[in-house]
Amino acid sequence: MSQKNYAVIPAGGAGTRLWPRSRRLTPKHTLPLAGGGRTLLRDTYDRVRGLVDEVFIVTELGQREIITAVLPEVDSEHLIIEPVARGTTSAYGLAALTLHRLDATGVMVAMASDHVVRGRAEVSRALRAALRAADITGSLIAIGLKPRYPSTGLGYLHASRPGPAGTRRVQQFMEKPDLKTARRFLKSGGYYWNVAWFAWQTGVFLAEMQQHAPRHLTGLKKVLEARAAGNEQAASELYGRLPIEVIDRSIMEKTDNLLLVPAAFDWSDIGNWAELGDRVHADAHGNSVDGEAVLVDTTGSLVFGDRRLIAAIGVKDLIIVDTEDALLVVPRSRAQDVRKVVEALKRARKTRYL
């Protein structure tokens, strides 16, 4: 490959389903969940930096200092700043436009900053294959994992036919299915989990935006024009008017130019405390503990605390998360509902807990 390759790592949001650990000042991607006390963002950056020519971080203005604290080696020229968070369509579009103006022939790989990933050799193989396929085919490339179980919390890619450059042709891009459908996907084969890792030539992606998300593209061009003129206030106002939409729905579900690179690394997006608990070693009673705890007649529970001893007696299938100013207690079966606490705090204007 003669062209330059770029990595774009979106690092925004707070991960509300991991409250009270994940907050505005300690967003999910800055939590030490990658093993060995490493933050997810640092792990993502180190995973990709040796595979590309340059790495860029896309983040909202309010997280700039947070990102710099985690990655001090990333200078301002490699930070693509959103005035406010406006969804992944806006974030990826801003990144693609920025890179295209720097290098019109460049290939960009985008990967989330808040996933737990293991299997460095297979990750590197998949990323290299995706970059190569994006360069050779002129298509959008998704990296997909063969499902290990019938997940209803992930999107799926149906790609049962072979494509060029070692890829598979994506026939359908589907969001989270119900359990019956997910079981059918697992049994029939040819379906892959969407892990939201993509690669494309910047020009190809912008052409797809022009076709499927023209309002975003027009608005983003105006944002960059305002920035080029030194009018950051106008750029911020223009960006704030963009629709909030995820890239999956705005482009990936609509395009007929999507290929898939199959991969086989260990991956989780850690969408809630229960999923994180599943990755912490459980004792003979099914309890997973991070911190100091005494558990009596307790089974199937997750206990996360780093400040003080947590004691539990006679409880079953609970999640307990202790922080300096907030304590979360929730049944393991309702881990997805933790975001409702965040929503309630916002309504009550108790912003000191967010």
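Preceding this section is the structure that the text describes.
Residues numbered from 1 in each chain as written. Predicted model: local features only at pLDDT ≥ 70, side-chain atom pairs only at ≥ 80, totals over all residues. Heavy atoms only, no water.

Novice: Report on the sheet that holds strand β14 (residues 288–290), specifying residues and quantitative values.
Specialist: One open sheet accounts for four strands, arranged β14-β16-β18-β19; its pairing is mixed. Lying at the two open borders of the sheet, with one neighbouring strand each, are β14 and β19 (327–331). Strand-to-strand twist of the sheet, defined as the mean angle between neighbouring strand axes without regard to direction, takes the value 5°. The pairing of strand β18 (residues 318–322) with β19 spans five bridges and is antiparallel. Bridging across to β19, Ile320 finds its partner in Val329. (Pairing = 2+ DSSP bridges. Helix = DSSP H or I, 4+ residues; strand = E, 2+ residues; numbered from the N terminus. Axes fitted to C-alpha atoms, helices over the stretch in contact; angles between N-to-C directions.)

Novice: Let's hear about the packing of aromatic side chains: which residues, and what values?
Specialist: This model, assessed by the stated rule, comprises nine aromatic pairs. When the centroid spacing of 4.1 Å and the interplanar angle of 15° are considered together, the rings of Phe185 and Tyr191 count as stacked. Tyr191 shares its class with Phe185; the two are buried. Ring geometry for Trp200 and Phe205: centres 4.1 Å apart, planes at 15°, overall stacked. Across this residue pair, the class does not change: Trp200 and Phe205 are buried. (Phe/Tyr/Trp six-rings, centres within 6.5 Å; stacked < 30°, edge-to-face > 60°. Buried < 20%, exposed > 50% of the residue type's maximum accessible area, 1.4 Å probe, protein only.)

Novice: An account of the pattern of salt bridges is requested, with residue identities and associated values reported.
Specialist: Inspection of every chain in the model, using the stated rule, returns 18 salt bridges. The salt bridge partner of Arg307 is Asp322, with a shortest N-O separation of 3.9 Å. Of the two residues, Arg307 sits in the loop between β16 (302–305) and β17 (310–313) while Asp322 sits in strand β18, which places them 15 residues apart along the sequence. Accessibility expressed as a relative area gives 41% for Arg307, which makes it partly exposed. Take Asp322: its relative accessible area is 3%, and that puts it in the buried class. (Salt bridge = Lys/Arg side-chain N within 4 Å of Asp/Glu carboxyl O.)

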